[in-house]
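Okay, here's what each chain looks like letter by letter:
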Amino acid sequence: MCGSWWSSAAVTHGLIALFAMGSWISVNSLWVELPVVVRVLPEEWNLPAYLSVLIAFGNLGPIAVTITHHCAPGRLNERLVIHFIQLLAVVASALLAVFWSHTITIAGEERSLMFLLFTFVLALVCCTSNVTFLPFMFRYPSEYIRTFFIGQGFSALFPCIVALGQGVSKLECKTVNGTVTPKYLQENFPAQNFFWFLCVMLSISFVSFWALTRRQTESQKDALPQDDEKTTATRNGEETHPLQNGGTTPVSEEQVQVEVQPPAQTFWTQRNIYLLFLLAVSNALTNGVLPSVQSFSCLPYGSMTFHLSVVLGNIANPLACFLAMFVVLRSSTVLGFLSLAGGAFAAYLMALAALSPCPPLLGNPAGVALVVTSWIIFTGLFSYLKVVIGTLLHEAGHAALLWCGISIQAGSLIGALTMFPMINIYHMFARAQECVDNCS
């Protein structure tokens, strides 16, 4: 009975969701905790710019993995790489919790070198996860790729909920000598505790992946004759999707190696290129462009509007992924319309950010409802789109999931690099000031 429970589909779904949660939870946690750490570290509000650059350098990891796949096909052991980067993330987050506020004098100026160093390590792990976690998921049937994206949604939702409980960015307006000034309230618990929370979440992800690999080993021992039969059928071309064995049992390394070596021309069809393009654009918008201007689009309507947009948007992400468990729209035309619809909401939010600090319907409840709803629909549409594309690419083979991860990372990088100079160098967006009338 115990063994039957341990091998059930529900346990597999749960472990995969917790495993995927560790993919981007580090970077997401660093972003939501920025309002706290910038008031302590010497870089102050220049810290977001440093964080953007460090995340960009984190793409050295995906580049190294991609080059290895190209130069030595089939030689990279994804399971060992995942174990290594997860362990690295756990250690880095623990050290971050201890040393995040320590500073070092460099060229006569105080610098938070320890914080920046551990941030780079965590960014490297997050970026590398896109080109290792997704290809690993090819060992499982396609429905589990949707669970994987639900877990990735949790990587944004959980830090956001904890930050809200911490009381990040809460302020009150006080009048001093006839002048109204904002005063930030003390958080309910310090940044160190938040980083320990991050360490615990990464440890859970690490243990979940270890459990997945342990179950994989046990199931292969119990079902070796069936695996051999499946591999033989694969070699004879008798199955369209040989790795989807109809149950919760993942396939062996040998089966993956057989599938990794299809003719090179089979993957690069017009449809797959189109799917990769949609995936790159959606991630450029959801991971790079729109998050960079979320404060500009929401804060003019009030801090509560900003928090509602962040929280409800992050809830929409896993809900949209959960919907994809039951409804998968495979039509390229429909996916294109979903992208256009999401793009329309993205354009509206960008317009609000450009008009900050005096966007339309300011002071009107309709303006608040519209901006919050736009963030929810924008996040939900593109989250659903990413899950469906991931599902379709899963059916195209192991290499397709590698390119899926590359497209996600490339789109995110392009989006972030596009917005960085616009915000931090050319200052094309104006931030609303608290406790004052910005439009008088």
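See the structure shown above.
Conventions and cut-offs
Residues numbered from 1 in each chain as written. Predicted model: local features only at pLDDT ≥ 70, side-chain atom pairs only at ≥ 80, totals over all residues. Heavy atoms only, no water. Phe/Tyr/Trp six-rings, centres within 6.5 Å; stacked < 30°, edge-to-face > 60°. Helix = DSSP H or I, 4+ residues; strand = E, 2+ residues; numbered from the N terminus. Buried < 20%, exposed > 50% of the residue type's maximum accessible area, 1.4 Å probe, protein only. Pairing = 2+ DSSP bridges. Salt bridge = Lys/Arg side-chain N within 4 Å of Asp/Glu carboxyl O. Core = buried A, V, L, I, M, F, W, Y, C linked by side-chain atoms within 4.5 Å. Contact = heavy atoms within 4.5 Å. Polar contact = N/O pair within 3.5 Å; in protein donor to acceptor, adjacent residues only side chain to side chain. Disulfide = S-S within 2.5 Å. Axes fitted to C-alpha atoms, helices over the stretch in contact; angles between N-to-C directions. Parallel < 35°, antiparallel > 145°, perpendicular 65-115°, else oblique. Nonpolar A, V, L, I, M, F, W, Y, C, P; charged D, E, K, R; others polar.

S.K.: Quick question: what am I supposed to make of the packing of aromatic side chains here?
M.R.: Two numbers describe a pair of aromatic rings. These are the distance of the centres and the angle of the planes. Taken as a whole, this structure holds 19 aromatic pairs when the rule is applied. Ring centres of Phe-19 and Phe-133 lie 4.5 Å apart, and the angle between their planes is 35°; on these two criteria the pair is classed as tilted. Here Phe-19, found in helix α2 (residues 9-21), pairs with Phe-133, found in helix α8 (residues 133-136); they are 114 residues apart in sequence, far enough to count as distant. Each member of the pair, Phe-19 as well as Phe-133, is classed as buried. What links up through ring pairs into an aromatic cluster is the set Phe-19, Phe-133, Phe-136, Tyr-140, Tyr-144, Phe-148, Phe-149 and Phe-209.

S.K.: How do you make sense of the pairing of strand β3 (residues 171-176) when you look at a structure like this?
M.R.: Bridging between β3 and strand β4 (residues 179-184) involves six bridges; their strand directions are antiparallel. Bridged to Val-176 within β4 is Thr-179.

S.K.: What's the story with the pattern of salt bridges in this structure? I'm lost.
M.R.: Working definition: two side chains of opposite charge can pair if their charged atoms are close together. Tallied over the full model, the rule gives five salt bridges. Residues Arg-39 and Glu-187 are paired through a salt bridge, measuring 2.2 Å at the closest nitrogen-oxygen approach. In this pair, Arg-39 is assigned in the loop between α3 (25-37) and α4 (47-57) and Glu-187 in the loop between β4 and α10 (191-222), connecting sequence segments 148 residues apart. Since its relative accessible area comes to 40%, Arg-39 is described here as partly exposed. Between Arg-139 and Glu-78 there is a salt bridge; the shortest N-O distance is 3.2 Å. Taken as a pair, Arg-139 in the loop between α8 and α9 (143-166) and Glu-78 in helix α6 (residues 78-99) lie far apart in primary sequence, 61 residues in all.

S.K.: Where do I start with the nonpolar core in this structure?
M.R.: Nonpolar side chains in soluble globular proteins generally cluster together in the buried interior. By size, the foremost hydrophobic cluster in this structure holds 102 residues, and its most contacted members are Phe-19, Val-37, Phe-115, Phe-195, Leu-290 and Leu-393. Looking at this core, the element that brings in the most residues is helix α16 (residues 365-394), giving 13 residues. Every residue in contact with Val-37, bar those within four places of it in the chain, is listed here: Leu-47, Trp-100, Phe-115, Ala-191 and Phe-195.

S.K.: Sorry, what's going on with the side chain of Ser-297 here?
M.R.: Inspection of the secondary structure assignment puts Ser-297 in helix α13 (residues 270-298). Here Gln-294 takes part through its backbone oxygen, which lies 3.0 Å from a polar atom of the side chain of Ser-297. Non-local contacts of Ser-297, meaning those with residues more than four positions away in its chain, are made with Leu-349, Leu-352, Ala-353, Val-371 and Trp-375.

S.K.: What's the story with the state of the cysteines in this structure? I'm lost.
M.R.: Think of a disulfide as a covalent bridge from one cysteine sulfur atom to another cysteine sulfur atom. Under the defined criterion, the tally for this structure stands at one disulfide. A disulfide bridge connects Cys-358 with Cys-439, and the sulfur atoms are separated by 2.0 Å. Its S-S torsion of about -125° marks the bond between Cys-358 and Cys-439 as left-handed, since a negative value means left-handed. With a gap of 81 residues between them, Cys-358 in the loop between α15 (332-355) and α16 and Cys-439 in the segment after α17 (398-425) connect regions that are remote in the sequence.

S.K.: What's the story with the packing of α16 against α17 in this structure? I'm lost.
M.R.: Viewed as axis vectors pointing N to C, α16 and α17 meet at an angle of 150°, and their least axial separation amounts to 8 Å. As the angle between them shows, α16 and α17 are arranged roughly antiparallel. Residues Gly-390, Leu-393 and His-394 of α16 form the contact with α17, whose participating residues are Ala-400, Leu-401 and Cys-404. Of the residues contributing to the contact of α16 with α17, the split by class is four nonpolar, two polar and no charged.

That is the geometry; function is a separate question.
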